[in-house]
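# Descriptive structure summary
Given next are the chains, with one letter for each unit.
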Amino acid sequence: PRTVRDTMRNPLLFDFVARHATREEDKHYLEQWRPYVLRINAVAAAMIELAEDCHQKALLIVKTATDKIEALPEIDEDTFKFERQRSLDALRELAEQIEKTMPLTELQKLETQLHEAVTAEHYEQAAQLRDRIRHLREDGPTAPV
């Protein structure tokens, strides 16, 4: 939580310096670190959500941060370019990991069981699973269990 708090404050400081610094190079110096700060903030916030088994929220945080970093204006500075790419790569990898570990919905579990039943030639069980799947699809999407 303290990392989230601190990294939420950093961009405000960057903006303050950009508005009030007297030298032009000082106004833009901190911008090279914005991708890094956005990444660290998103990773910390996502870890908090994952600890609470809120995979969807964690994934949304990571994808929102990725979008913010992608939308940053290009700066002709090596540190910015490096941190931007490193941050995008790290956030995309984290998003993949979250997606891989996301709990299955009831429908996804039943579809897996149906496939296993058909493969094992347990057709009566497969018919029951098919009917349950049909019923769930008619009632709409289900939440992860």
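Let us look at the structure shown here. (Residues numbered from 1 in each chain as written. Predicted model: local features only at pLDDT ≥ 70, side-chain atom pairs only at ≥ 80, totals over all residues. Heavy atoms only, no water.)

The next thing to look at is the overall build of the protein. The secondary structure content of the protein amounts to 7 helices and 0 strands. Ordered by position from N to C terminus, the α and β elements of the protein give α-α-α-α-α-α-α. For the protein, the C-alpha radius of gyration of 23 Å lies well beyond 15 Å, the compact-globule estimate for 145 residues. Its C-alpha atoms give the protein principal-axis dimensions of roughly 80 × 25 × 25 Å. Looking at the protein as a whole, 31% of its 145 residues qualify as buried. (Helix = DSSP H or I, 4+ residues; strand = E, 2+ residues; numbered from the N terminus. Rg over C-alpha atoms; globule rule 2.2 N^0.38 Å. Buried < 20%, exposed > 50% of the residue type's maximum accessible area, 1.4 Å probe, protein only.)

Given a rise of 1.5 Å per residue, 18 residues ought to cover 26 Å, and the 26 Å separating the end C-alpha atoms of helix α3 (residues 34-51) matches this to within 8%. Buried within α3 we find Arg34, Pro35, Val37, Leu38, Arg39, Asn41, Ala42, Ala44, Ala45, Ala46, Glu49 and Leu50. Of the residues flanking the end of α3, it is Asp53, one or two places downstream, whose phi is positive at about 60 degrees. (Expected span 1.5 Å × (residues − 1).)

Glancing now at the side chain of Thr66. Along the chain, Thr66 turns up in helix α4 (residues 55-71). Classification of Thr66 by relative accessible area gives buried; the value is 9%. Beyond its immediate stretch of four places on either side in the chain, Thr66 contacts Leu88, Leu91 and Arg92. (Contact = heavy atoms within 4.5 Å.)

A word on the nonpolar core. One recurring pattern in soluble globular proteins: nonpolar side chains tend to sit buried together. Formed by 17 residues in total, the largest nonpolar core has its most connected members in Val62, Ile69, Leu91 and Ile98. When residues of this core are traced back to their parent elements, those giving at least two are α3, α4 and α5 (78-101). Per-element accounting of this core gives the leading share, 6 residues, to α5. Counting 7 residues, the second-largest nonpolar core is a separate cluster that includes Leu107, Leu110, Ala117 and Leu129. (Core = buried A, V, L, I, M, F, W, Y, C linked by side-chain atoms within 4.5 Å.)

Another point: unusual backbone geometry. Unlike most non-glycine residues, Asp53 shows phi in positive territory, near 60 degrees. Locating Asp53 in the fold gives a position in the loop between α3 and α4. You can call Asp53 exposed: its relative accessible area is 61%. At Glu121, a residue that is not glycine, the phi angle is positive and equals roughly 60 degrees. Along the chain, the position of Glu121 falls in the loop between α6 (106-119) and α7 (123-139).

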